[in-house]
Amino acid sequence: QVQLVESGGGLVQAGGSLRLSCAVSGRTFNRYAMGWFRQAPGKEREFVAAINWSGGSTSYTDSVKGRFTISRDNAKNTVYLQMNSLKPEDTAVYYCAARARGTTIYPYWGQGTQVTVSS
């Protein structure tokens, strides 16, 4: 069983920064690709960023490119999302998710952490 616990959310002014962390249980963290998703009130959950098992490949949704950076520390079983130049439209609950290498579906999800950006 894989368990994911997010932290680092909060309230920040527009233009500010936050770093989200996602701690993953188990000793096989490096077998999983990781992703960050978000869901704003009244909207569907959307993809934000992803990173492969080694950290050598990343991808981002267009709206966060150049502002957000996903990274991972396999020794700490943790994935991060550094968010800079935050905008009010980044306000959402942010979720981390894990999928096994070679698969496309994320079966494992955290409980989410709230990010609120004030204007």
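Trainee: Can you break down the environment of Glu46 residue by residue, with the values?
Mentor: Its location among the elements puts Glu46 in strand β5 (residues 46-51). Residue classification places Glu46 among the partly exposed residues on the basis of a relative accessible area of 35%. A sequence separation of 38 residues divides Glu46 from Asn84, and the C-alpha atoms of the two residues are 19 Å apart. The residues contacting Glu46, other than those within four sequence positions of it, are Phe37 and Arg38.

Trainee: Summarise the pattern of salt bridges; cite the residues concerned and give the values.
Mentor: This model, assessed by the stated rule, comprises four salt bridges. The closest approach of N and O atoms between Glu46 and Arg38, which form a salt bridge, is 2.6 Å. Residue classification places Arg38 among the buried positions, given a relative accessible area of 5%. A single network of salt bridges, built from pairs that share partners, joins Arg38, Glu46, Arg67 and Asp90.

Trainee: So what's going on with the sheet that holds strand β8 (residues 78-83)? Which residues, and what values?
Mentor: Spatially, four strands are ordered β1-β3-β8-β7 in an open sheet, and the strand pairing comes out antiparallel. The open sheet terminates on both sides in strands that have one partner only, identified here as β1 (4-7) and β7 (68-73). Strand-to-strand, the axes of this sheet are offset by a mean angle of 15 degrees, without reference to chain direction. Two strands pair when backbone bridges link them, and β1 and strand β3 (residues 18-24) are joined in this way by four bridges, in the antiparallel orientation. Bridged to Leu4 within β3 is Val24.

Trainee: Can you lay out the nonpolar core for me, pointing to particular residues and giving the numbers?
Mentor: Core analysis: the largest hydrophobic core is formed by 29 residues, its most contacted members being Met34, Trp36, Leu81, Met83 and Tyr94. Secondary-structure elements contributing two or more residues to this core are β3, β4 (32-39), β5, β7, β8, β9 (92-100) and β11 (113-118).

Trainee: Quick rundown of unusual backbone geometry? Include the residues and the values.
Mentor: Phi at Asn77 takes a positive value of approximately 55 degrees, unusual for a residue other than glycine. With respect to the helices and strands, Asn77 occurs in the loop between β7 and β8. In this structure Asn77 comes out as buried when scored by relative accessible area, which is 17%. Phi at Ser85 is positive, roughly 50 degrees, even though this residue is not glycine. Turning to its location among the elements, Ser85 is positioned in the loop between β8 and β9. Owing to a relative accessible area of 41%, Ser85 belongs among the partly exposed residues under this scheme.

Rules used throughout
Residues numbered from 1 in each chain as written. Predicted model: local features only at pLDDT ≥ 70, side-chain atom pairs only at ≥ 80, totals over all residues. Heavy atoms only, no water. Helix = DSSP H or I, 4+ residues; strand = E, 2+ residues; numbered from the N terminus. Buried < 20%, exposed > 50% of the residue type's maximum accessible area, 1.4 Å probe, protein only. Contact = heavy atoms within 4.5 Å. Salt bridge = Lys/Arg side-chain N within 4 Å of Asp/Glu carboxyl O. Pairing = 2+ DSSP bridges. Axes fitted to C-alpha atoms, helices over the stretch in contact; angles between N-to-C directions. Core = buried A, V, L, I, M, F, W, Y, C linked by side-chain atoms within 4.5 Å.

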